[in-house]
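Structural description and commentary
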Amino acid sequence: MRPFDYKRAERLEHAGQLAAAEDTLAIAGGTNLIDLMKLQVETPATLVDLNHLPLAGIEEHEDGLRIGALATNTATAVHPRVRADYPLLARAILAGATQQLRNKATTGGNLCQRTRCWYFTNTDQPCNKREPGSGCGALMGRADLHAVLGTSEACIATYPGDMAVAMAALDATVEIAGEKGSRSVPLREFHLLPGDTPHIENVLEPGEIITAVTLPTPVGGKQIYRKVRERSSYAFALVSVAAALRMEGESIAHAALAFGGLAHKPWHDPRIDDLLTGEKPSMALFDKAADLLLEDAQGYGENDAKIPLARRALTATLIDATGVSA
Amino acid sequence: MTIEINGESHELPRDPRVTLLDFVREHLKMTGAKKGCDHGQCGACTMLVNGQRINSCLTLAVMHDGDSVTTIEGIGSPAAMAPLQEAFVKHDGYQCGYCTPGQICSATAMLQEIAAGWPSDATADPTDTPKLTREEVQERMSGNLCRCGAYANIVDAIMEVAEGEAA
Ligand SMILES: Cc1cc2nc3c(=O)[nH]c(=O)nc-3n(C[C@H](O)[C@H](O)[C@H](O)COP(=O)(O)OP(=O)(O)OC[C@H]3O[C@@H](n4cnc5c(N)ncnc54)[C@H](O)[C@@H]3O)c2cc1C
Ligand code: SF4
Ligand code: FES
Ligand code: FES
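To start, this report covers the structure provided alongside it. (Residues numbered from 1 in each chain as written. Chains lettered and ligands numbered in written order. Predicted model: local features only at pLDDT ≥ 70, side-chain atom pairs only at ≥ 80, totals over all residues. Heavy atoms only, no water.)

1. Thoughts on the environment of Lys-35 of chain B
Residue and element names in this part refer to chain B. Here Lys-35 shows up in the loop between α1 (20-27) and β3 (46-49). The partly exposed category is assigned to Lys-35, whose relative accessible area is 31%. Sequence separation of Lys-35 and Ile-72 is 37 residues, and the distance between their C-alpha atoms is 13 Å. Within the structure, Lys-35 has its side chain in polar contact with the side chain of Asp-22 (distance 3.0 Å). (Helix = DSSP H or I, 4+ residues; strand = E, 2+ residues; numbered from the N terminus. Buried < 20%, exposed > 50% of the residue type's maximum accessible area, 1.4 Å probe, protein only. Polar contact = N/O pair within 3.5 Å; in protein donor to acceptor, adjacent residues only side chain to side chain.)

Here it is, written out as structure tokens:
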């Protein structure tokens, strides 16, 4: 690790001021940042420790729930309201990492975790995300983990997390505070596609800090997180599908789906939710949903398999959620 | 700034780069906790911080002002072994032993997590009260790798202690 100054933020305004300084990064659980600092992928001059801010609470919020930025992934997954009303979120968190990591990982840090692209984490390799303008190692080499939707010529990396995919399906909102005040952004708009600035991964401005994620009124229904990975525990998703789907009689009354492992952000395509809502479930309908999802999908060789995998994962999820048999 | 380790108070290091693992091993010379990967992947460095198991390689010592830490040295000693330590010996829950301190710290916390009713990815429904099955134990111990592959015996050892506690 390169030497750095360690500062502790005691109040929220203080955190914004400190974090706005050049070459400064916030630290919460540290499970992603310290890993990357050891690899010298991240070389901040100053670390601002957020852990003393009062942001760890999980509380009722209107008819929903407000999960503090410092609530650990464990605290969220074991919370009685999350388990009962947002089981999708509990499932997605529990499908990720290990108990030791989830005990430290936080809501804010999880949302901001960096990609697991091999070239990004290896400073000997070119990578536009780590070093803008240096080229994309994955486009020239090993692209097995990489994205098939929303890629650019500069970067084909994925957002690797699970929690945010569930939050995208649940239509959560990210609360942000900064020097200029606070604002909220729909989680579905929090992460960005790479475009020609893959080093900018989300809408946070310098000095802005996530303070919480809020979940709207529970939608009920079946909530499924299907994570397809290389081994059945402790691996990042190749493809994941988060679904909150409620049937009324014979037809689908509410459908909200989001996808992990396919893009630089949790992927949400409102056309899929619209297509399914109000319809009677059938294999033909599920095929149409997969057609919409994968209309513009592009593989890069080693990750070509993600395209049929995403189709099958979506179909299997919809079969589970609606009870239609194949 | 101080930290309590196995009941004893220590000054935290000045250099913020020192991880909790390096602080305990290199500064305090308590070498029970092991460094396998140094990247949060293997679990050899597992310690309990305020009762929760974490990877001590991915956290900075300076971030633990006022915290209370338990390492394998605080769980038991050769003269006074904890039930999990005895069960690992009885069931050959190791070969080289490198992963064992992490396995035992991890399993100590894991049994409390099941007792507290925390679900895991192996729990059919997150609202269910988890059952003490091999499948649950395997999933919950997935953060502790064993390069010798002593897994079957590790699960046997943990199951014996768990069933003893439940009985
Ligand atoms: C071996 C391993 C396996 C893993 N497997 C999975 C997996 O299967 N699924 C999965 O989803 N994740 C997985 N993870 C990633 C893990 O979930 C993340 O490391 C964790 O969620 C990051 O949270 P943190 O609080 O530790 O973040 P930190 O490491 O503290 O921070 C990460 C980033 O977020 C920023 N940040 C932190 N808090 C805030 C805030 N409040 N506002 C603004 N910025 C902030 C930091 O500046 C930093 O850039 C794995 C990690 C490891 C090491
Ligand atoms: S895919 Fe993105 S993160 Fe990976 S090497 Fe290319 S630019 Fe870097
Ligand atoms: S040394 Fe900490 S997890 Fe491997
Ligand atoms: S006993 Fe050798 S690594 Fe587990």
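Moving on from the model shown.
2. Describing the pairing of strand β7 (residues 181-186) of chain A
All names here are of chain A. Here 6 bridges tie strand β6 (residues 173-178) to β7, and the two strands are oriented antiparallel to one another. Looking across to β7, one finds that Thr-173 is bridged to Pro-186. Where β6 hands over to β7, the hairpin turn is made up of 2 residues, counted between the paired strands. (Pairing = 2+ DSSP bridges.)

3. Examining the environment of Ile-75 of chain B
Residue and element names in this part refer to chain B. Take Ile-75: it is sitting in helix α2 (residues 72-75). The sequence separation of Ile-75 and Gly-149 amounts to 74 residues, and the corresponding C-alpha distance is 24 Å. Among residues more than four places away in sequence, those in contact with Ile-75 are Thr-70, Ala-82, Gln-85, Ile-104, Cys-105 and Thr-108. (Contact = heavy atoms within 4.5 Å.)

4. Digging into the pattern of salt bridges
Throughout the structure, instances matching the rule amount to 32 salt bridges over all chains. A salt bridge links Glu-13 of chain A to Arg-11 of chain A, with the shortest nitrogen-to-oxygen separation between them at 3.3 Å. Residues joined in a network through salt bridges with shared partners are Lys-38 of chain A together with Asp-22, Lys-35 and Asp-38 of chain B. (Salt bridge = Lys/Arg side-chain N within 4 Å of Asp/Glu carboxyl O.)

5. Describing the packing of helix α3 (residues 83-90) of chain B against helix α4 (residues 100-115) of chain B
All names here are of chain B. Axis separation between α3 and α4 bottoms out at 10 Å; the angle between their running directions is 125 degrees. Here α3 lies oblique to α4, going by the angle between them. Two packed elements cross with a definite hand, and for α3 against α4 that hand is right-handed. Where α3 abuts α4, its residues Leu-84, Gln-85 and Phe-88 lie against Thr-100, Gln-103, Ile-104, Ala-107, Thr-108 and Leu-111. In terms of residue class, the contact of α3 with α4 is built from 5 nonpolar, 4 polar and no charged. (Axes fitted to C-alpha atoms, helices over the stretch in contact; angles between N-to-C directions. Parallel < 35°, antiparallel > 145°, perpendicular 65-115°, else oblique. Left-handed = near helix turned anticlockwise from the far one by under 90°. Nonpolar A, V, L, I, M, F, W, Y, C, P; charged D, E, K, R; others polar.)

6. A word on the environment of Ala-75 of chain A
Residue and element names in this part refer to chain A. Topologically, Ala-75 is positioned in helix α3 (residues 73-78). Ala-75 sits in the partly exposed class, given a relative accessible area of 31%. Sequence-wise, Ala-75 and Leu-39 are 36 residues apart; in three dimensions their C-alpha atoms are separated by 29 Å.

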